[in-house]
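What follows is the residue order along each chain.
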Amino acid sequence: MKRYEFLNRFIWGAATASYQVEGAIHEDGRTPSIWDTFCERPGVISDGSSGAEACDQYHRYAEDIELMKKLGIDAYRLSVAWPRIFPELGGKVNQKGVDYYLRLLDALRDADIKPVVTMYHWDLPQYLEDRGGWTNRDTSKRYADYAETLAKAFGDRVDIWTTFNEPWCSAYLGYGNGIHAPGIADYGKALDAVHHLNLAHGLGAQAVHGVLGDQANISVTLNLAVHIAQSDSEADIAAKRRADLISNEVFLGPMLEGRYDPEIFEVTAQDSDWSCIQESDLEIIHQPLHSLGLNYYATTHVQGLETPKQHTAAVWGENPVPAQEIVDVLPLEGELTAMGWNQEPEGLTNTLVELSKRFPDLPLMVTENGSAWDDDVSEGEAVSIEGANAESDIETHGKIVHDPKRVAYLNAHVGAVAKALQQGANVIGYFAWSLLDNFEWSFGYTKRFGIIRVDYDTQVRIWKDSGLRYREIVHDNAIELDEA
């Protein structure tokens, strides 16, 4: 093993999202989001739950900031609930909603923790979805108004402004196969949503810069699909290209290069004529960025099909992405996480290196990385991590979660970031997903990603070995690497 030490400027953080942790969905003027409405639909959430209470961070943020301080992290990636800011269509700003986030941001800064604020992490106001949501161009304009309002309200309290989290999910899971809110399965609408999310990104970046000037740090977070061709055959390479094109290039091209690859229009012609694109849209979308966020969890291995599948319309719960007729997704190998995802940390290394080669002047941040496992709480046991120091500032409530598989995943993926840096990748930060167990969208509370456990009956926070291990990594600013 060889020790890799990160540069002193490297940012260590943890991440959450408003609907997954806040709760308090009926308090202080907040109105329903698309997820509140979606969760009321029978059968769409595996345990029939919702984010109504979640981790109750709306009331417990001070407690959670104390946990962040004990972790020693530099930054906290949070998101704002749009319906807390604008509860009504065309209505006034809800000052109670603004004041909550001002208290949270000030408390973070008082704790010397940098706020990284995601302006949109999926909780679209239901009143906008009633008018078409992301299939309606007007939603992009409403988003720009919302972004401008946040910039005026929060000002220099925010270190990095992230326009969107994973627009792939908003477009394809929300409108492609419908397993996320708003629950629509229509490829044409999904592709309209792709473009309007891109447009909103550009308009939102312009709005924040318009208020705060060029010194405002703008980012966007993408969950780029890491497709790996099964071989170097022409068919397998073509399958990877097709999968990359519709999952990744529809966002990377417009946002970072100001263009859509023409092949995107060709292969999706049966689903959309892309008439949603208007003159000057691409110029608006292509905005200067402080950094690009990458959310990474797993890889997908693909091969080409000898006989392409027939084109089919979108089906609820099936393939969320259109134009995949030549792509065969292979069965997963190795030990899978509780989400049924594989573990391939070298995919993270390769993706970071490839992005830095393609966009050498753009800093990268791993804005989410983590794993879900079925955890067990142990009573009255000592901390198990070798070298971990259960100092008096760690309150275990007489309980601890031993999660060796999450610890191993964490070590391997922080190591993957270090290996990318060794190969010249321009990576400036890593955020663990997630600070807390939380509402995991269509899986409800059945999947736990947290490095700190939440007892949902009592809201007690319980340390996991993975949280203690992450604390060590942050403190040491280093990771042990296999020299092989």
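Preceding this section is the structure that the text describes.
Bear in mind that the values here come from a model prediction, so they are computed numbers and not experimental data.

Analysis parameters
- Residues numbered from 1 in each chain as written.
- Predicted model: local features only at pLDDT ≥ 70, side-chain atom pairs only at ≥ 80, totals over all residues.
- Heavy atoms only, no water.
- Helix = DSSP H or I, 4+ residues; strand = E, 2+ residues; numbered from the N terminus.
- Rg over C-alpha atoms; globule rule 2.2 N^0.38 Å.
- Buried < 20%, exposed > 50% of the residue type's maximum accessible area, 1.4 Å probe, protein only.
- Contact = heavy atoms within 4.5 Å.
- Areas by Shrake-Rupley, 256 points an atom, 1.4 Å probe, with all protein chains shown as cover.
- Pairing = 2+ DSSP bridges.
- Axes fitted to C-alpha atoms, helices over the stretch in contact; angles between N-to-C directions.
- Core = buried A, V, L, I, M, F, W, Y, C linked by side-chain atoms within 4.5 Å.
- Expected span 1.5 Å × (residues − 1).
- Polar contact = N/O pair within 3.5 Å; in protein donor to acceptor, adjacent residues only side chain to side chain.
- Phe/Tyr/Trp six-rings, centres within 6.5 Å; stacked < 30°, edge-to-face > 60°.
- Salt bridge = Lys/Arg side-chain N within 4 Å of Asp/Glu carboxyl O.

Draft legend 1. Inspection of the overall build of the protein at higher detail. Counting its regular elements, the protein contains 15 helices and 17 strands. Computed over C-alpha atoms, the radius of gyration of the protein comes to 21 Å, within 12% of the 23 Å expected from 2.2 N^0.38 for 484 residues, which places it in the range of a compact globule. Looking at the protein as a whole, 61% of its 484 residues qualify as buried. A sequence separation of at least 24 residues applies to 79% of the contacts in the protein between residues at least 6 apart. As presented, the protein carries roughly 18,900 Å² of accessible surface, and 47% of it is formed by carbon and sulfur atoms.

Draft legend 2. Local environment of the sheet that holds strand E9 (residues 300-304). Spatially, E7-E9-E10 is the arrangement adopted by the 3 strands of the open sheet, whose pairing is mixed. Unpaired on one side and paired on the other, strand E7 (227-229) and strand E10 (327-329) mark the two borders of the sheet. Adjacent strand axes in the sheet meet at a mean angle of 45°, parallel and antiparallel pairs treated alike. In terms of strand pairing, E7 meets E9 through 3 bridges, oriented parallel. Across the sheet, residue His227 finds its bridge partner in E9, namely Thr300.

Draft legend 3. Inspection of the sheet that holds strand E6 (residues 218-222) at higher detail. With parallel pairing, the 8 strands of this closed barrel are ordered in space as E2-E3-E4-E5-E6-E8-E11-E14. Across the sheet, the mean angle from the axis of one strand to that of its neighbour is 25°, orientation sign disregarded. In the sheet, strand E2 (residues 11-15) pairs with strand E3 (residues 75-79) via 3 bridges, with the strands oriented parallel. Across the sheet, the residue bridging to Ala14 is Tyr76, located in E3. Packing against the sheet, helix H9 (residues 187-212) makes contact with strand E5 (160-165) and E6, and its axis sits at approximately 165° to E5.

Draft legend 4. Highlighting unusual backbone geometry. Here the residue pair Ala181 and Pro182 is connected by a cis peptide bond, since its omega of 10° sits within 30 degrees of zero. Although it is not a glycine, Ala24 adopts a positive phi angle of roughly 50°. In this fold, Ala24 is placed in the loop between helix H1 (18-21) and helix H2 (34-39).

Draft legend 5. Quick look at the nonpolar core. Counting 136 residues, the largest nonpolar core has Trp35, Trp134 and Trp161 as its most contacted members. Per element, the largest residue contribution to this core is 10 residues, and it comes from H9. When neighbours within four sequence positions are excluded, Trp161 is seen to be in contact with Val117, Met119, Leu150, Ala151, Phe154, Gly155, Val208, Leu212, Ala216, Asn217, Ile218 and Ser219. With 16 residues, the next largest nonpolar core counts Ile11, Val116, Tyr409 and Phe449 among its residues.

Draft legend 6. Representation of the pairing of strand E8 (residues 291-295). For E8, the buried fraction is high: 5 of the 5 residues fall into the buried class. Every second residue of E8 is oriented toward a common face, with Ser291, Gly293 and Asn295 on one face and Leu292 and Leu294 on the other, all of them buried. Bridge count between E6 and E8: 4 bridges; the pairing is parallel. Of the residues in E8, the one forming a bridge with Leu222 is Leu294. With 4 bridges connecting them, E8 and strand E11 (residues 364-368) associate as parallel partners. In the sheet register, Leu294 faces E11, and the bridge partner there is Val366.

Draft legend 7. Molecular detail of the environment of Gly444. Note that Gly444 resides in the loop between strand E14 (427-433) and strand E15 (452-455). Sequence separation of Gly444 and Lys92 is 352 residues, and the distance between their C-alpha atoms is 32 Å. Among residues more than four places away in sequence, those in contact with Gly444 are Ile45, Ser46, Asp47, Ser49, Asn438 and Phe439.

Draft legend 8. A look at the pairing of E3. Most of E3 is tucked away: 5 of the 5 residues are buried. Of the two faces of E3, the one lined by Ala75, Arg77 and Ser79 and the one lined by Tyr76 and Leu78 are each fully buried. Two elements, E3 and strand E4 (residues 114-118), share 5 bridges in a ladder whose sense is parallel. Counted as the bridge partner of Tyr76 is Pro115 from E4.

Draft legend 9. Molecular detail of H9. For H9, built from 26 residues, the straight-helix expectation of 38 Å at 1.5 Å per residue is met to within 8% by its first-to-last C-alpha distance of 37 Å. By the criterion of burial, H9 is predominantly enclosed, with 21 of the 26 residues buried. A distance of 2.9 Å separates the backbone nitrogen of Gly188 from a side-chain oxygen at the start of H9, and that oxygen is part of Asp186.

Draft legend 10. Expanded view of the packing of aromatic side chains. By the definition in use, this model includes 39 aromatic pairs. Ring plane angle 15° and centroid distance 6.3 Å describe the contact between Phe154 and Trp161, whose orientation is recorded as stacked. A residue is classified by how much of its surface remains accessible, and Trp161, at 1% relative accessible area, is buried.

Draft legend 11. Structural view of helix H10 (residues 234-257). With 24 residues, H10 extends only 27 Å from end C-alpha to end C-alpha; this falls clearly short of the ideal 34 Å at 1.5 Å per step. Just downstream of H10 lies Gly258, where phi reads positive at about 70°.

Draft legend 12. Spatial organisation of the environment of Gln310. Within the element layout of this structure, Gln310 appears in the loop between E9 and E10. For the pair Gln310 and Val327, spaced 17 residues apart in sequence, the C-alpha separation works out to 12 Å.

Draft legend 13. Up close: the pattern of salt bridges. Tallied over the full model, the rule gives 29 salt bridges. The shortest N-O distance in the salt bridge between Glu66 and Lys69 comes to 3.3 Å. Of this pair, Glu66 and Lys69 both sit in helix H3 (residues 57-71), 3 residues apart, which is roughly one turn of that helix. Glu66 gets classed as partly exposed once you look at its relative accessible area, which sits at 37%. Close ionic contact of Glu249 with Arg358 constitutes a salt bridge, the shortest N to O distance being 2.8 Å. Residue Glu249 is found in helix H10, and its partner Arg358 is found in helix H13 (residues 345-358); the two are separated by 109 residues along the sequence.

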